[in-house]
Structure formats: C-alpha cells, structure tokens
Amino acid sequence: HIPYTTALEGHKVINIVRDPRNTLVSACRQLAEEHLHKEDPAYIRKRMMELIVEIVGVSPSWPLKHFYFIPWEWASPTVRFESIFRVDTIQKILDYLGSGVDAAWLASNLYGSDNRIEGVPVTARTSTFTGKLSNWEDFWDDKIEDLWKKHHGYEVMKLMGYER
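### A closer look at the pattern of salt bridges
At step 1: In this structure the tally under the stated criterion is six salt bridges.
At step 2: With a closest N to O distance of 2.5 Å, Arg47 and Glu50 form a salt bridge. A residue pair is termed a helical-turn pair when its members lie 3 or 4 positions apart in one helix, as Arg47 and Glu50 do in helix H2 (residues 41-57) at three residues.
At step 3: What emerges from the salt-bridge pattern is a single network uniting Lys46, Arg47 and Glu50.

And the structure:
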C-alpha cells in the first residue's frame, strides 16, 4: 500500500500484486456486516457492483493511481499474491531476504507435515478470512463484467500485468 518512494532505497522491499478482481471480492467480504454474508454469492455480487460504481465510478482517474506503484516492479522483486502460498515462491522471497530459512521446512511447520502448501496457515487468518482465498470467478457475472469494462478495470489489470 506504499507508493514508490526513494526513501526506501537500500532496504529490501517486495512488491506484492493481486488480481484487482480478487481484491474487489476480498473488499466485499471485508465489508460484510455479518460473517454469513462473507460467502453469500448474491450479497458479494451486489456489493461488487456497488463498489465498482461508488469507488471506481466516482474517480475516473483510478487507473492512473496505479502508476504510483509501477516503479516498485523495477526497484524490487514482484510477487503475485496468487502464488504466495507456494513453496517455490516462498523460497524465492526467503532467498531474496537472505534469511537462510528453507521454505519446505517453513511450510511444514506452518501448514502441516508435508512440503506442500494446501491452505493458508492459522497465523495468516484474519477476521475477513473465511477459510479460502477470494476467487473472482465465483462471483463474476455479465452485469459485473459490463461495469468492470465501463470503469476501466481491464486497463488497470494490464498495468499490473494481469492481462485478459
């Protein structure tokens, strides 16, 4: 959430990006008044349409805001959130940080007895986490697609390296 700044030069920074459609779903789950709504497809779809119009629709320059983050891709390793729970991705992060920790060992201690990461560790769970990661495809429909196109969602995705 930090726009690029030269003040962090000399520090190790990792740029984590997430498919904006999944970010939208996650925001709707976070805004759910009741835990029961966090997985209710009708509720999530309704909130997605509201957020696209409320946040994106009232700020036609929202695609430009992502330009503040693009330099991170040149200044630091970029990791896609969707791959962050894979052992190979964790190992790349640990190596970059110079930790000397083995990702397979870390995964077995966080996730279970084997070297595969099948879920999200208990330590990573938050009040918004329902047990599975957000998947925009579970909620996307023609109405949301039309709003996403109208409000330049695909342009932002392209800026972030998430092309159609």
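Read on, since the account is not over.
### Some points on unusual backbone geometry
At step 1: Even without a glycine there, the phi angle at His152 is positive, about 65°.
At step 2: Take His152: it is sitting in the loop between helix H7 (142-150) and helix H8 (153-159).
At step 3: Relative accessible area serves as the criterion here: at 36%, His152 is assigned to the partly exposed category.

### Some thoughts on the nonpolar core
At step 1: With 21 residues, the main nonpolar core has Leu24, Val25, Ile44, Met48, Ile52, Trp140 and Trp148 as its most contacted residues.
At step 2: Counting only elements with at least two residues in this core, the list comes to helix H1 (20-31), H2, H7 and H8.
At step 3: Element by element, the count of residues in this core is highest for H2, at five residues.
At step 4: If near-sequence neighbours (up to four positions away) are discounted, Met48 is found in contact with Leu24, Val25, Cys28, Phe139, Trp140 and Ile144.

### Quick look at the side chain of Thr89
At step 1: As for its placement among the helices and strands, Thr89 is situated in helix H5 (residues 87-97).
At step 2: Looking at Thr89, the relative accessible area reads 8%, which means it is buried.
At step 3: Other than its neighbours up to four places away in sequence, Thr89 contacts Val79, Ser83 and Ile84.

### Observations concerning the packing of aromatic side chains
At step 1: Within the structure shown, the criterion is met by two aromatic pairs.
At step 2: Between Trp136 and Trp140, the aromatic rings sit 5.3 Å apart at their centres with planes inclined by 80°, giving edge-to-face as the arrangement. No difference in accessibility class separates Trp136 from Trp140, as the two residues are buried.
At step 3: Ring centres of Trp140 and Trp148 lie 5.4 Å apart, and the angle between their planes is 80°; this geometry places the pair in the edge-to-face category. Grouping residues by exposure puts Trp140 and Trp148 together as buried.
At step 4: Positioned above the aromatic ring of Trp136 is the side chain of Arg21, whose terminal nitrogen or guanidinium carbon lies 3.7 Å from the ring centre.
At step 5: If you follow Arg80 out to its NZ or CZ, it ends over the ring of Tyr162, 4.0 Å from the centre.

### Details of H7
At step 1: Among the residues making up H7, those that are buried are Ile144, Glu145, Leu147 and Trp148. One side of H7 carries all its buried residues, which in axial view fall inside an arc of 165°. Counted as exposed and oriented over 90 degrees from the buried face of H7: Asp142, Lys143, Asp146 and Lys150.
At step 2: For H7, the side-chain oxygen to backbone nitrogen distance between the N-cap and Lys143 is 3.2 Å, and the N-cap itself is Asp141.
At step 3: Of the residues trailing H7, His152 is marked for its positive phi of about 65°.

### Quick look at the environment of Met49
At step 1: Note on placement: Met49 falls in helix H2.
At step 2: On a C-alpha basis, the gap between Met49 and Cys28 in space is 9.9 Å, while along the polypeptide they are 21 residues apart.

### Considering the environment of Leu133
At step 1: Within the secondary structure, Leu133 is located in the loop between helix H6 (103-111) and H7.
At step 2: A relative accessible area of 33% places Leu133 in the partly exposed class.
At step 3: As a C-alpha pair, Leu133 and Glu82 span 51 residues in sequence and 8.8 Å in three-dimensional space.

Cut-offs and rules
- Residues numbered from 1 in each chain as written.
- Predicted model: local features only at pLDDT ≥ 70, side-chain atom pairs only at ≥ 80, totals over all residues.
- Heavy atoms only, no water.
- Salt bridge = Lys/Arg side-chain N within 4 Å of Asp/Glu carboxyl O.
- Helix = DSSP H or I, 4+ residues; strand = E, 2+ residues; numbered from the N terminus.
- Buried < 20%, exposed > 50% of the residue type's maximum accessible area, 1.4 Å probe, protein only.
- Core = buried A, V, L, I, M, F, W, Y, C linked by side-chain atoms within 4.5 Å.
- Contact = heavy atoms within 4.5 Å.
- Phe/Tyr/Trp six-rings, centres within 6.5 Å; stacked < 30°, edge-to-face > 60°.
- Lys NZ or Arg CZ within 6 Å of the ring centre and 35° of its normal.
- Arc of directions from axis to C-beta.
- Polar contact = N/O pair within 3.5 Å; in protein donor to acceptor, adjacent residues only side chain to side chain.

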